[in-house]
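# Results of the structural survey
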Protein chains: 2
Amino acid sequence: MPTQEPSRFLQVTDSNALELACRLLGSARHASLGVLQPGSGMPALSRVALGHDALGLPLILISGLSAHCVALQQDPRCGLLVGEPGAGDPLAHPRLSLECLAERTGDSERSLLRDIFVAWQPKARLYVDFADFSFWRLRPQAASLNGGFGKAWRLEGQDLQALLQRLGKHPPPSAGQ
Amino acid sequence: MPTQEPSRFLQVTDSNALELACRLLGSARHASLGVLQPGSGMPALSRVALGHDALGLPLILISGLSAHCVALQQDPRCGLLVGEPGAGDPLAHPRLSLECLAERTGDSERSLLRDIFVAWQPKARLYVDFADFSFWRLRPQAASLNGGFGKAWRLEGQDLQALLQRLGKHPPPSAGQ
């Protein structure tokens, strides 16, 4: 794992870390999405509105006309960053970075995912039924959690599964959070 | 340019678009940074604190121990996303995505860049002089500006230069914005 921070800087993942990661991802209504530009391979970032399915998997609704959708069709590898900085040093506030594989969902799921997504993103009612929009699931492969200076965790394997399980039970922000 | 949005969805870059891009980048105190993970080539996102040098080039201060620094040392290609969503639909708020090449700055500039950066990030005084931290310039190669639904611009060449010129004159947030 060449890009993993040296382990002496990583803390052991415990329930507090999982709780923080779940809070960050579960309360995020938007995220930065990073994809690979077809051809050049340059990392290209965009903002996406975020929901989660019942398995805790991040869900995005994107237009087939958008650059990130064109990129994901060619290479499903993507990164997702959530967490809102508050006042003061932006690096003192926690954030979660997920490394994911994106997967376009099929028509058979559309109606179900529509209802789930609109619960997270009520304003998406305006365009959720446009023909060029489709739902994509992002399957996390690993995650880096940064809780502020000196607080870093790497979530993989069972830790990541535990995070998704917690997230699957997390209600949408509009449902009484 | 396979990932560029079809031109029928792009507007002609005018002074209003440049002004919006300048405002987004000039007022951003943090950004999402996307790099390529060494080995896997996965896009990996993180949060960075942001400053700008006198040429309008984005400036970041990162630790050599961080995963994004290790990645940039191996491949300078990176993406940067700025712009804060407000209430309502997160996609209704403007954002700017830059495709950049990162360049580590030399020791001879350190003192000057230190003063510039601390003007943008007063809290960075706490760690700006740590030996493992270094300044990197991000040289934008192209940018996508999204002003909300139906408002998209692509900035390249002269438009991008015009943006950087404006930004070079932009005072740090702490200097009376």
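Structure first, text after, so check above.
Residues numbered from 1 in each chain as written. Chains lettered and ligands numbered in written order. Predicted model: local features only at pLDDT ≥ 70, side-chain atom pairs only at ≥ 80, totals over all residues. Heavy atoms only, no water.

## A closer look at the relation of the copies chain A and chain B
With an RMSD of 0.0 Å, the fit of chain A onto chain B corresponds to turning through 180° and sliding 0.0 Å along the axis. Taken together, the rotation and translation describe the operation of a two-fold axis. Here 100% of the interface residues in chain A have copies in chain B that are interface residues too; the copies meet face to matching face. (Least-squares fit on C-alpha atoms with pLDDT ≥ 70 in both. Contact = heavy atoms within 4.5 Å.)

## What about the interface of chain A and chain B?
Taken together, the contacts link 51 residues of chain A with 51 residues of chain B. Summing both sides of the interface, chain A and chain B together bury roughly 4100 Å²; the carbon and sulfur share of this comes to 63%. Our count for the chain A to chain B interface comes out at zero salt bridges. At the junction of chain A and chain B, the tally comes to 16 residue pairs in polar contact (both at pLDDT 80 or more). Elements with a contribution of two residues or more to the side of chain A that touches chain B: strand E1 (30-36), strand E2 (43-49), helix H2 (67-74), strand E5 (77-82) and strand E6 (95-104) of chain A. (Buried area = accessible area lost by both parts, 1.4 Å probe. Salt bridge = Lys/Arg side-chain N within 4 Å of Asp/Glu carboxyl O. Polar contact = N/O pair within 3.5 Å; in protein donor to acceptor, adjacent residues only side chain to side chain. Helix = DSSP H or I, 4+ residues; strand = E, 2+ residues; numbered from the N terminus.)

## Examining the pattern of salt bridges
Residues and elements named next belong to chain A. If you walk through the whole model with that rule in mind, you get 18 salt bridges over all chains. Ionic pairing is found between Glu103 and Arg139, a salt bridge with its closest N-O pair at 2.9 Å. Of this pair, Glu103 sits in strand E6 while Arg139 sits in strand E7 (residues 133-146), placing them 36 residues apart in sequence. Relative accessible area serves as the criterion here: at 33%, Glu103 is assigned to the partly exposed category. For Arg139, a relative accessible area of 33% corresponds to the partly exposed category. The residue Arg154 makes a salt bridge to Glu156 at a minimum N-O spacing of 3.2 Å. (Buried < 20%, exposed > 50% of the residue type's maximum accessible area, 1.4 Å probe, protein only.)

## Remarks on the pairing of strand E8 (residues 152-155) of chain B
Residues and elements named next belong to chain B. Alternating residues of E8 divide into Ala152 and Arg154 and Trp153 and Leu155, and every residue in both groups is buried. Across four bridges, the pairing between strand E7 (residues 133-146) and E8 is antiparallel. Within E8, the position partnered with Asn146 by the bridge is Ala152. Taking the residues that link successive antiparallel strands as the turn, the E7-E8 hairpin has five residues, and the phi of Gly148 there is positive, at about 115°. (Pairing = 2+ DSSP bridges.)

## Observations regarding empty space enclosed by the protein
Overall, the coordinates contain one cavity of 30 Å³ or more when judged by the stated rule. Its volume calculated, the largest cavity comes out at about 240 Å³. Taken together, 18 residues make up the lining of the largest cavity; nearest its centre are His30(A), Ser32(A), Glu84(A), Ser32(B) and Glu84(B). Classifying every residue of the lining of the largest cavity gives eight nonpolar, six polar and four charged. (1 Å grid on protein atoms, 1.4 Å probe; cavity = no way out; pocket = protein on both sides within 12 Å on 5 of 7 lines; lining within 4 Å. Points joined across faces, edges and corners; volume = space filled by probe spheres on them. Nonpolar A, V, L, I, M, F, W, Y, C, P; charged D, E, K, R; others polar.)

## Some words on helix H4 (residues 157-168) of chain A
Residues and elements named next belong to chain A. Its 12 residues place the ends of H4 17 Å apart at the C-alpha level, agreeing with the 16 Å of an ideal helix rising 1.5 Å per residue. Within the span of H4, buried status applies to Leu160, Leu163, Leu164 and Leu167. The arc enclosing the buried residues of H4, seen along the axis, measures out at 95°, which places them on a common side. Turned more than 90 degrees off the buried face of H4, the exposed positions are Gln158 and Gln165. Where H4 is buried, its residues meet helix H1 (15-26), strand E3 (51-52), E6, E7 and strand E8 (152-155). (Expected span 1.5 Å × (residues − 1). Arc of directions from axis to C-beta.)

## Details of the side chain of His52(A)
All names here are of chain A. You can see His52 is positioned in strand E3. Of the polar contacts made by the side chain of His52, one reaches the backbone oxygen of Leu25; its length is 3.4 Å. If we ignore the near neighbours within four places in the chain, the residues touching His52 are Leu25, Gly26, Leu57, Pro58, Leu59, Ile116, Trp120 and Leu167.

## A look at the environment of Gly150(A)
Secondary-structure assignment places Gly150(A) in the loop between E7 and E8. Placed 98 residues apart in sequence, Gly150(A) and His52(A) show a C-alpha to C-alpha distance of 29 Å.

## Some remarks on the packing of aromatic side chains
Under the defined criterion, the tally for this structure stands at eight aromatic pairs over all chains. A centroid spacing of 5.2 Å and a plane angle of 50° characterise the contact between Tyr127(A) and Phe149(B), whose relative ring orientation is tilted. Residue Tyr127(A) is located in the loop between helix H3 (110-120) and E7, and its partner Phe149(B) is located in the loop between E7 and E8; the two belong to separate chains. The exposure class of Tyr127(A) is buried, given its relative accessible area of 5%. Each member of the aromatic cluster is reached from another via a ring pair, and the members are Tyr127(A), Phe130(A), Phe133(A) and Phe149(B). (Phe/Tyr/Trp six-rings, centres within 6.5 Å; stacked < 30°, edge-to-face > 60°.)

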